[in-house]
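# A look at the structure
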Amino acid sequence: MESRRQDYLIVFFVGLLVYYHSFYLSFCFDDYNFIVENPATQNISDLKTLWGVLPERFLVIFSFAVDYFLWGQNAFGYHLVNFTIHLLTSLLLYTFLKQLLNSPVIVKQEIFGKEHGVAEKFSSQRFFLLFTTLLFISHPIQTHAVTYISQRFALFAAFFYVLTLVLYLKASFETKGNKSNHYLIWAFISACCGMLSKPNTATIPFALILVEYCFIQVSFQAILSQWKKLFPFFLTVLLLPAVMLNSQHNNLEQMIGEKEEYLSNTDYFFTQFNVIQTYLRLLFFPINQNSDYDYPVSSSPFELGGLIGLALIALLLYFAYRSFNKNRLISFGVLFFFLSLSIESSFIPLDSPANEYRLYLPSIGFFIIFISIFLTFFHKKKTSIISLVIIIFLFGVITWERNNVWQNQLSLWTDVIHKSPKKARGHYNLGLAYLKENNFDKALQQFNLANNISPQKAQIFLNIGVVYFEKKEYRKAIEYYKKALAVNSKSDIAHYNLGVVYEKQKRWKEAIKEYNASIEINPQYGEAHNNLGVYYFSLGEKKKAAGHLLKALKSGYMVHPNLVKALLSKN
């Protein structure tokens, strides 16, 4: 027990050391869509609206609402919560690994101690627990999930995934029936929470079968005899289609804006052979990390990158097969890596073929393999400790440096376009960052670069129009707002912005038409209602003005107090 406490403290201080400066970083990328500019997560009491944002990830969305209630728009608190979840998952991982080492199968195999005394065996097992956990908490690949606030989805999913495994093993090794059932109930609840955090937790039931086969039962027939224990966990998977079918996502696509075009199922699948090769390289050598990879699309598994990736996958699976009777931990690590990665690296196309945060949970399998092999082949205690300490130190330094990339929008997207110069999204988002800094010339340059790479995108035209509006070049602003509407006639923002330009030019009839068009698309558009209210008030049409201003107030828009007072005094 004393050694466990010491290890927990070591894990805590190492994690804090490499991440504490990240608490002072700002919001980046989708943090604005999910938190800063999202009215839904700014009202913790409106659970119905929160549910409508992303029902299949409701727990994370709700946690953002709790954060906003506590911290407002101070990013420090959000980063602190992300790190806390990362730390708790690391400690759960330590507990899970300790359970595996105490399982009958591992005890029988005498891993790390077959040719050594009891003390040496205990020491090696402790090093396995400690250094596997230290790799997990300090590895640079985790920064995309931990430092990027919006990727709390990956953090929540991993936390409940590992917690479910821990509780399930407690139930399996518990001799008292009632206590075992209690652990199973809590494991079931944890699995349900995982399903409401991120869809990749749908592999939890299969992970439980993997645990059963590797560490508890001796055959598939024995596992089938445990179907009553496993069956409820397969029911948890039904939560995902159930909540997704009954959701409208609260205009999420409109809130986030245009996403990257999705690949076909087959192209995405074949590209994943190459992506997995990159993932393994990043886990071994975490250099040249990128927050938005410009990944070449593969239409066949017989391209060079795909063949190398396929060979690596086959080699790892063969290694797992050969290690099964000698070191069950290695076999489990390989199979867990591919299982936990399977949903996001399979036939289901996502907006980007490769993302580092997708490795947050699968990396557990890799670290188990790495430390198991390391301690198996390096028996000298001092040499092993020194080598692993150096590795942890180097990874910690890289993690520290990588966190600095997330300093703000400018630093993030400058890094992205340096590494992915031919991808439109990096240039577009860097343009947005320059726009917020009122650096209009650089913003226009980046938007034009994005348009050259991926032309005819409504969002790009819209923001080019915003740049020209801020530069008071109203003719060009109108031109680009109309281009945006030509691509997407249902853009309420484009109609509203066009109305604002017409209002600046005193073209009232056209302005009112555009404001009404934006409200027809989005009845809760507070700014449009406010502008209409002001216009009708100036004409003396108090009833119409009051109607629009009341709708603006109900939408959450802050109507000018003097205008409200004037209306009240008139009525």
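Residues numbered from 1 in each chain as written. Predicted model: local features only at pLDDT ≥ 70, side-chain atom pairs only at ≥ 80, totals over all residues. Heavy atoms only, no water.

As a further point, take a nonpolar patch on the surface. Together, Ile386, Ile390, Phe393, Leu394 and Val397 line one region of the surface with nonpolar side chains, adding up to about 490 Å² of accessible area. Its location among the elements puts Val397 in helix H20 (residues 381–405). What makes Val397 partly exposed here is its relative accessible area of 38%. (Patch = residues over 30% accessible without salt bridge, like charges linked within 9 Å, V, L, I, M, F, W, Y side chains within 5 Å. Areas by Shrake-Rupley, 256 points an atom, 1.4 Å probe, with all protein chains shown as cover. Salt bridge = Lys/Arg side-chain N within 4 Å of Asp/Glu carboxyl O. Helix = DSSP H or I, 4+ residues; strand = E, 2+ residues; numbered from the N terminus. Buried < 20%, exposed > 50% of the residue type's maximum accessible area, 1.4 Å probe, protein only.)

Summarising the element assignment, Lys476 is placed in helix H25 (residues 474–487). When the C-alpha atoms of Lys476 and Gly306 are compared, they prove to be 46 Å apart, with 170 residues separating the residues in sequence.

By size, the foremost hydrophobic cluster in this structure holds 115 residues, and its most contacted members are Phe96, Phe128 and Phe332. Among residues more than four places away in sequence, those in contact with Phe96 are Val162, Leu165, Val166, Leu169, Val211 and Phe332. Membership of the second largest hydrophobic core comes to 51 residues, among which are Ile464, Ala494, Leu498 and Ile512. (Core = buried A, V, L, I, M, F, W, Y, C linked by side-chain atoms within 4.5 Å. Contact = heavy atoms within 4.5 Å.)

With that out of the way, let us pick up the confidence of the model for the protein. Per-residue confidence for the protein gives a mean pLDDT of 87, with 91% of residues at or over 70. Low pLDDT, under 50, characterises residues 115–120; the predicted model gives this stretch 3 contacts beyond four residues in sequence or across chains. (pLDDT = per-residue confidence, 0-100.)

Taking 1.5 Å of rise per residue, the 14 residues of helix H23 (residues 440–453) would be expected to cover 20 Å, and the 20 Å separating its terminal C-alpha atoms lies within 8% of that figure. Those residues of H23 that fall on the buried side of the exposure criterion are Phe440, Ala443, Leu444, Gln446, Phe447, Ala450 and Asn451. Around the axis of H23, the buried residues are gathered within 165° of arc, so they sit on the same side. Pointing more than 90 degrees away from the buried face of H23 are the exposed residues Asp441 and Asn452. (Expected span 1.5 Å × (residues − 1). Arc of directions from axis to C-beta.)

Another aspect to go through is unusual backbone geometry. One non-glycine residue, Asn288, lies in positive phi territory at about 55°. Here Asn288 lies in the loop between helix H16 (265–284) and helix H17 (304–323). Classification of Asn288 as exposed rests on a relative accessible area of 53%. Its identity is not glycine, yet Lys472 carries a phi of approximately 65°, on the positive side. Assignment of secondary structure puts Lys472 in the loop between helix H24 (458–470) and H25.

Topologically, Ala157 is positioned in helix H9 (residues 152–173). Residue classification places Ala157 among the buried residues on the basis of a relative accessible area of 1%. For Ala157 and Ala202, which are 45 residues apart along the polypeptide, the C-alpha to C-alpha distance reads 9.9 Å.

Now for the packing of aromatic side chains. What the rule picks out here adds up to 47 aromatic pairs. Here the aromatic rings of Phe27 and Tyr32 are separated by 6.4 Å at their centres, their planes lie at 65°, and the arrangement is edge-to-face. Both rings, one in Tyr468 and one in Tyr480, keep their centres 5.8 Å apart while their planes meet at 25°; by these two values the pair is stacked. Linking Tyr468 in helix H24 with Tyr480 in helix H25, this pair joins segments that are 12 residues apart in sequence. The same class applies to Tyr468 as to Tyr480, namely buried. Put simply, the rings of Phe284, Phe285, Phe366, Phe367, Phe370 and Phe374 touch in pairs and so form one group of aromatic residues. Lying across the ring of Phe153, Arg57 places its NZ or CZ 4.8 Å from the centre. Against the face of Tyr32 rests Lys436, its NZ or CZ located 3.5 Å from the ring centre. (Phe/Tyr/Trp six-rings, centres within 6.5 Å; stacked < 30°, edge-to-face > 60°. Lys NZ or Arg CZ within 6 Å of the ring centre and 35° of its normal.)

Under the defined criterion, the tally for this structure stands at 2 cavities of 30 Å³ or more. Estimated volume of the second largest cavity: approximately 50 Å³. Lining the second largest cavity, in full, are Ala154, Ala157, Ala158, Lys198, Asn200, Glu344, Tyr357, Arg358, Tyr360, Leu361 and Pro362. Among the residues forming the lining of the second largest cavity, the class breakdown is 7 nonpolar, 1 polar and 3 charged. (1 Å grid on protein atoms, 1.4 Å probe; cavity = no way out; pocket = protein on both sides within 12 Å on 5 of 7 lines; lining within 4 Å. Points joined across faces, edges and corners; volume = space filled by probe spheres on them. Nonpolar A, V, L, I, M, F, W, Y, C, P; charged D, E, K, R; others polar.)

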